[in-house]
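# Examination of the molecular architecture
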Amino acid sequence: MMKMIAGGWLLVLHISIFLPSVCRIHAVSYDYSATTECLIEPQRAQYEGGIISNPDFTHGIQGWTVFGQGAVKEGISNDGNRYIVAHGRSHPLDSISQEVRLEKGKLYSFSAWVQINGGRGNVAVVFKMSSGELVRGGQVTARNGCWCLLKGGVFANISSRAEILFESKTTEAEIWVDNVSLQPFTMEQWRSHQDESIDKERQGKVRFEARYANGTAIEGAGFSIKQTKSDFPFGCCMNYHIINSTDYQHWFALRFRHTTFTNEMKWYSTEKIQGQENYTVADAMVSFAQKNSISIRGHNIFWDNPKYQPEWVKNLTSDELRKAAEQRIESVVSRYAGQLIAWDAMNENLHFNFFEDKLGKNATAEYYARAYQLDPDTTMFLNEYNTIEDCRDEKANPFNYMTKLDEILSYPGNQGISAGIGLQGHFGSGQPNLAYMRSSLDILGSTGLPIWLTEVDVGKDPNQAEYLEQVLREGHSHPAVKGIIMFVGPANAGFNNTVLADKDFKNTPAGDVVDKLIDEWKFQTKEIKADGKGSIEIPLFHGDYNITVKDPVSSSLTGFSYKMTKDVTRDTVHLRINA
């Protein structure tokens, strides 16, 4: 197509071809594939099993032993597929076992296909270290009659021999296992995966060709390229201190274009006394955000934790609560309809069930339905913690998350909801388990729903800044992640866990990391001289750009606007310049 933009003709040819990424480190490519479906036959072992001996049981049960009580045997399907069976179990850890050696500082990506021979139940992979410590690496809800993918991983804090075990509290059931894989990666290799994914998922390559109106190429034309907007939302929370602090306002607006309010939209903030709603603070924060072109995630309509209800709500009868909750959702969603990019419709619904206990098992689904009716163009998120942070939390594992979200979305009337996966990302102190984080994102990403990291922070630690960078890079590089909001900020606003700026608004080490990534994840303004054909070719992050072309003969300047979109990996753009 051809159109006049900012003083010149702009001809855009979109060519959808694969843009190969640049490999910084020679490494085994990471396998992002995953599924939440239960399959009749298991898929092949990832990485051909990695360091696992006899991963697909081609050689019977060679290399595998029984752990605990019970016994193991070979299983063969009707079409000849071989697998291993742990049977006669009486303890959750009674299962199969294989010993491997873990090397300090490496990340280990694990996968296996599992099923149980009766009903359904959770099956987890557990690494028993030489010290006796049991380290969980992930889990799946296994079923009878089909194979489920158990995908997870661990980070080796020490070098150690380890036994790979499978745990299921459904002790009366047999555990069937097939196509096991354990693939080690160094931190440098892991970083290379991130860089390759960013090249592929967050950028496209464009060729600009400058020509005069008569079609003659402008040899040596000067190109100036400046990014004016990023398409990847990378933001930060804000709190009420921003209303009256110009220093906080300046600090925030200089860096971020996406935000979530920490507490100011929550029910206990807007209706402290029954029947007396007060949106003064939230409205002022919305006004500040809008004036500075900052998009807002709504947080939250309801919180399922009994502890965080307004005091007057805690002792209401069921009928009184139903009436109060109806007023709450009508009030807050209607007030901000069309002004938000998302709502955390129900907060922490996997860990708590205040509304379900009081109003019935479909309470959350009903509130999704009503929120959607009131604000149909806003994406509704189920917002949870520990789904990517901590594989020990059985309540919040990726499969339980999807089970709950499926229940909500399958409720009558909810099929058309624009739904999203909200993962808080509150990491504790110590080395984050990036292998588990990535595997969880793989599993949830296989649903095709947009994933946001909604409340990222990292516990106090001498290496806090380094660990924060690791988590943010992991999120930004993953193909399924569509946005990141950090729950961090300056000391003057009361932040004391992950602090980005001190009381004088000077950067902490964590603040330096965030500023570095903001710069790294946007195109740096460049001045480039065209070749003899009037052309340049360059990778650009997704987003909006101002392009200025300088005629080498007349020194005249012609401006164009350009957008690199997510669905185009390579563009050819013909710029027509009036001589």
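Keep in mind that this is a model prediction, so the values were computed, not measured. (Residues numbered from 1 in each chain as written. Predicted model: local features only at pLDDT ≥ 70, side-chain atom pairs only at ≥ 80, totals over all residues. Heavy atoms only, no water.)

## Some thoughts on the sheet that holds strand S8 (residues 120–129)
The five strands are arranged S3-S6-S11-S8-S9 in an open sheet whose pairing can be described as antiparallel. Since the sheet does not close on itself, it has two edges, and those belong to strand S3 (65–67) and strand S9 (134–143), each with one partner. Strand after strand, the sheet turns through a mean of 35° between neighbouring axes, direction not considered. Note: S8 against strand S11 (residues 160–167), six bridges, orientation antiparallel. Across the sheet, Lys-128 pairs through a bridge with Glu-163, a residue of S11. (Pairing = 2+ DSSP bridges. Helix = DSSP H or I, 4+ residues; strand = E, 2+ residues; numbered from the N terminus. Axes fitted to C-alpha atoms, helices over the stretch in contact; angles between N-to-C directions.)

## Some words on the pattern of salt bridges
All chains considered together, the criterion is met by 24 salt bridges. Its salt-bridge partner being Asp-319, residue Arg-322 comes within 3.6 Å of it at the nearest N-O pair. Here Arg-322 pairs with Asp-319, and both are found in helix H5 (residues 318–336), just three residues apart, close to one helical turn. For Glu-469, the salt bridge goes to Lys-516, with nearest N and O atoms at 2.9 Å. Residue Glu-469 is found in helix H10 (residues 464–477), and its partner Lys-516 is found in helix H11 (residues 509–520); the two are separated by 47 residues along the sequence. A residue is classified by how much of its surface remains accessible, and Lys-516, at 39% relative accessible area, is partly exposed. Overlapping salt bridges, with partners in common, bring together Glu-469, Arg-473, Lys-516 and Glu-520 in one network. (Salt bridge = Lys/Arg side-chain N within 4 Å of Asp/Glu carboxyl O. Buried < 20%, exposed > 50% of the residue type's maximum accessible area, 1.4 Å probe, protein only.)

## So, the UniProt feature "domain: GH10" (unreviewed entry) in the protein chain
The UniProt entry lists residues 219–517 under the feature "domain: GH10" (unreviewed entry), expressed in the numbering used here. Helix makes up 36% of residues 219–517 and strand 21%, with an end-to-end C-alpha separation of 36 Å. (UniProt positions renumbered as here; feature names shortened; annotations may be inferred.)

## Examining helix H7 (residues 363–374)
Taking 1.5 Å of rise per residue, the 12 residues of H7 would be expected to cover 16 Å, and the 17 Å separating its terminal C-alpha atoms lies within 8% of that figure. Of the positions making up H7, those classed as buried are Ala-363, Thr-364, Ala-365, Tyr-367, Tyr-368, Ala-369, Ala-371 and Leu-374. Next to the buried residues of H7 lie strand S17 (295–303), H5, strand S18 (342–347), helix H6 (354–359), strand S19 (379–384) and helix H8 (398–409). (Expected span 1.5 Å × (residues − 1). Contact = heavy atoms within 4.5 Å.)

## Re the sheet that holds strand S14 (residues 222–230)
Across the sheet, which stays open at both edges, the four strands sit in the order S26-S14-S28-S29 with antiparallel pairing between neighbours. Edge positions in the open sheet fall to strand S26 (526–529) and strand S29 (557–564), since each of these has one partner strand only. In this sheet, adjacent strand axes meet at a mean angle of 25° when their direction is disregarded. Sheet topology places S14 next to S26; four bridges connect them, and they run antiparallel. Residue Ile-225 lies in a different strand from S26, and its bridge partner there is Lys-526.

## Some details on unusual backbone geometry
Note the cis peptide between His-299 and Asn-300, where omega equals -10°. Position of Asn-300 among the secondary structure elements: in strand S17. Located in the positive-phi region is Glu-48, a residue other than glycine, with phi close to 55°. Judged by relative accessible area, Glu-48 falls into the exposed class, the value being 68%. At Ser-555, a position not held by glycine, the phi torsion is positive, near 65°. Judged by relative accessible area, which is 42%, Ser-555 ranks as partly exposed.

## Concerning the nonpolar core
Membership of the largest hydrophobic core comes to 121 residues, with the highest contact counts inside it found for Phe-208, Phe-223, Phe-355, Leu-453, Leu-472, Leu-540 and Ile-547. Among the elements that take part in this core, H5 stands out by supplying seven residues, more than any other. Of all hydrophobic cores here, the second largest spans 36 residues; its members include Trp-64, Leu-102, Val-140 and Phe-399. (Core = buried A, V, L, I, M, F, W, Y, C linked by side-chain atoms within 4.5 Å.)

## Describing H11
Compared with an ideal rise of 1.5 Å per residue, which puts 12 residues at 16 Å, H11 spans 16 Å between its outermost C-alpha atoms and is within 8% of the ideal. The set of residues buried in H11 consists of Ala-510, Gly-511, Val-513, Val-514, Asp-515, Leu-517 and Ile-518. Packed against the buried residues of H11 are strand S15 (234–236), H10, strand S23 (481–486) and strand S25 (499–501).

## A few points about the packing of H8 against helix H9 (residues 434–445)
Put simply, H8 and H9 touch, their axes get as near as 9 Å, and they point 30° apart. Taken together, the axes of H8 and H9 are roughly parallel relative to one another. The chirality of how H8 crosses H9 is right-handed. Note on element contacts: H9 touches H8 through Tyr-436, Ser-440, Ile-443 and Leu-444, opposite Pro-398, Phe-399, Tyr-401 and Met-402. In terms of residue class, the contact of H8 with H9 is built from seven nonpolar, one polar and no charged. (Parallel < 35°, antiparallel > 145°, perpendicular 65-115°, else oblique. Left-handed = near helix turned anticlockwise from the far one by under 90°. Nonpolar A, V, L, I, M, F, W, Y, C, P; charged D, E, K, R; others polar.)

## A look at the state of the cysteines
Scanning the model with the defined rule gives one disulfide in all. Free of any disulfide, Cys-237 has its nearest cysteine sulfur in Cys-236, 4.7 Å distant. Classification of Cys-237 by relative accessible area gives buried; the value is 0%. Cys-148 provides the cysteine sulfur closest to Cys-391, a residue in no disulfide bond, and the two sulfurs are 19 Å apart. (Disulfide = S-S within 2.5 Å.)

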